[in-house]
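Chain residues, written in single-letter form:
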Amino acid sequence: MHSTTILSHQSKKHLGRIMDPLQSLHIAPHLRMKIQQEDDAVALFNLIQQEKPRLRETLAWPDSVREVADTLRTIQQNRRAFFAGLSAVYLIYWQGELAGVASFNSIKDKQGEIGYWIAGRFEGCGIAHQAIHCLITHYADAGLIDTFIIKASTANPRSNALAKRLGFTYLDCLPSAEKIGEHVYDQNRYRYQLSLIH
């Protein structure tokens, strides 16, 4: 039991050394991404409320965010998951302004599932493309992920187009995989796998 505890502690320290440098990512000159912190809750909550009419068209969760405390709880959960190496949720800043979120919704067996959303006034600037490319580059270089997955609703042409522009390969279509409001949609699944590229 004692040796198992020591091993677990050593594993956590090793994981911490890997995750710490990934808390803040940059692409010069305009893009900065950082792991959410508790003092980001108000700004993120306000952006979600501002964007809610748009977000609820393509995402299932916006209507569940009703007060700052909801956002704070989510940030706290996301931070615990990040330092455990289970997911990574970043705030996107463009020229110093909060522009959206990009994430690995899950990280398991060196596979990461990507999610993102961008505020309406920042669309068309190539921010989502840069943010996801930034995630892929840093997590591949860190040796944490070698297979990247994007799931895009068949009703979301922007996300499907972005996956293709990033060089992802279409895998399959998951029937009735996503419920948004009262509607259920199929999801297209795309993969970017380093072993298939090098």
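Preceding block: the structure.
Residues numbered from 1 in each chain as written. Predicted model: local features only at pLDDT ≥ 70, side-chain atom pairs only at ≥ 80, totals over all residues. Heavy atoms only, no water.

J.: If you had to explain the overall build of the protein chain to someone new, which residues and values would you point to?
T.: Counting its regular elements, the protein chain contains five helices and eight strands. Scanning the protein chain from its N terminus toward the C terminus, one meets helices and strands in the order α-β-β-α-α-β-β-β-α-β-α-β-β. Taken over the C-alpha trace, the protein chain has a radius of gyration of 17 Å; the compact-globule value for 198 residues is 16 Å, and the two agree within 12%. Each of the three principal axes of the protein chain carries a C-alpha extent, and together these read 50 × 40 × 40 Å. Look at the contacts in the protein chain between residues 6 or more apart in sequence, and 60% of them connect residues 24 or more apart. Carbon and sulfur atoms form 52% of the exposed surface of the protein chain, whose accessible area is close to 10,900 Å². Put simply, the protein chain has 22 plus and 19 minus side-chain charges, and the middle of one group is 4 Å from the middle of the other. (Helix = DSSP H or I, 4+ residues; strand = E, 2+ residues; numbered from the N terminus. Rg over C-alpha atoms; globule rule 2.2 N^0.38 Å. Contact = heavy atoms within 4.5 Å. Areas by Shrake-Rupley, 256 points an atom, 1.4 Å probe, with all protein chains shown as cover. Lys, Arg positive; Asp, Glu negative; His and termini not counted. Charge placed at Lys NZ, Arg CZ, Asp CG, Glu CD.)

J.: Explain unusual backbone geometry residue by residue, including any values.
T.: In this structure, Pro 29 follows Ala 28 across a cis peptide bond, with omega equal to 0°. With respect to the helices, strands and loops of the structure, Pro 29 is situated in the loop between strand E1 (24–27) and strand E2 (31–35). Positive phi values are uncommon outside glycine, yet Lys 110 reaches one of about 60°. In the Ramachandran plot, Ser 176 falls in the positive-phi region, its phi being about 50° despite a non-glycine side chain.

J.: Mind laying out the pattern of salt bridges, listing which residues take part and the relevant values?
T.: The tally for this structure, following the rule as stated, stands at nine salt bridges. Of the charged contacts, one joins Arg 54 and Glu 51 as a salt bridge, the two residues approaching to 2.4 Å between their closest N and O atoms. Of this pair, Arg 54 and Glu 51 both sit in helix H2 (residues 41–55), separated by three residues, roughly a single helical turn. Between Arg 189 and Asp 172 there is a salt bridge whose closest N-O contact spans 2.8 Å. Within this pair, whereas Arg 189 is found in strand E8 (residues 183–193), its partner Asp 172 is found in strand E7 (residues 169–180), the two being separated by 17 residues in sequence. Here Arg 189 falls in the partly exposed class, since its relative accessible area comes to 23%. For Asp 172, a relative accessible area of 25% translates into the label partly exposed. (Salt bridge = Lys/Arg side-chain N within 4 Å of Asp/Glu carboxyl O. Buried < 20%, exposed > 50% of the residue type's maximum accessible area, 1.4 Å probe, protein only.)

J.: Explain the nonpolar core to me, using residue names and the numbers behind them.
T.: Of all hydrophobic cores here, the largest spans 53 residues; its most connected members are Met 33, Tyr 90, Ile 92, Phe 104, Tyr 139 and Phe 168. Tallying contributions element by element places helix H4 (residues 127–141) first for this core, with eight residues. (Core = buried A, V, L, I, M, F, W, Y, C linked by side-chain atoms within 4.5 Å.)

J.: Account for the sheet that holds strand E4 (residues 97–108), with residues named and values stated.
T.: Ordered in space as E1-E2-E3-E4-E5-E6-E8-E7, the eight strands form an open sheet in which the pairing is mixed. Each of the sheet's edge strands pairs with one partner strand only, and the pair in question is E1 and E7. Neighbour-to-neighbour, the strand axes of the sheet open up by a mean angle of 25°, direction not taken into account. (Pairing = 2+ DSSP bridges. Axes fitted to C-alpha atoms, helices over the stretch in contact; angles between N-to-C directions.)

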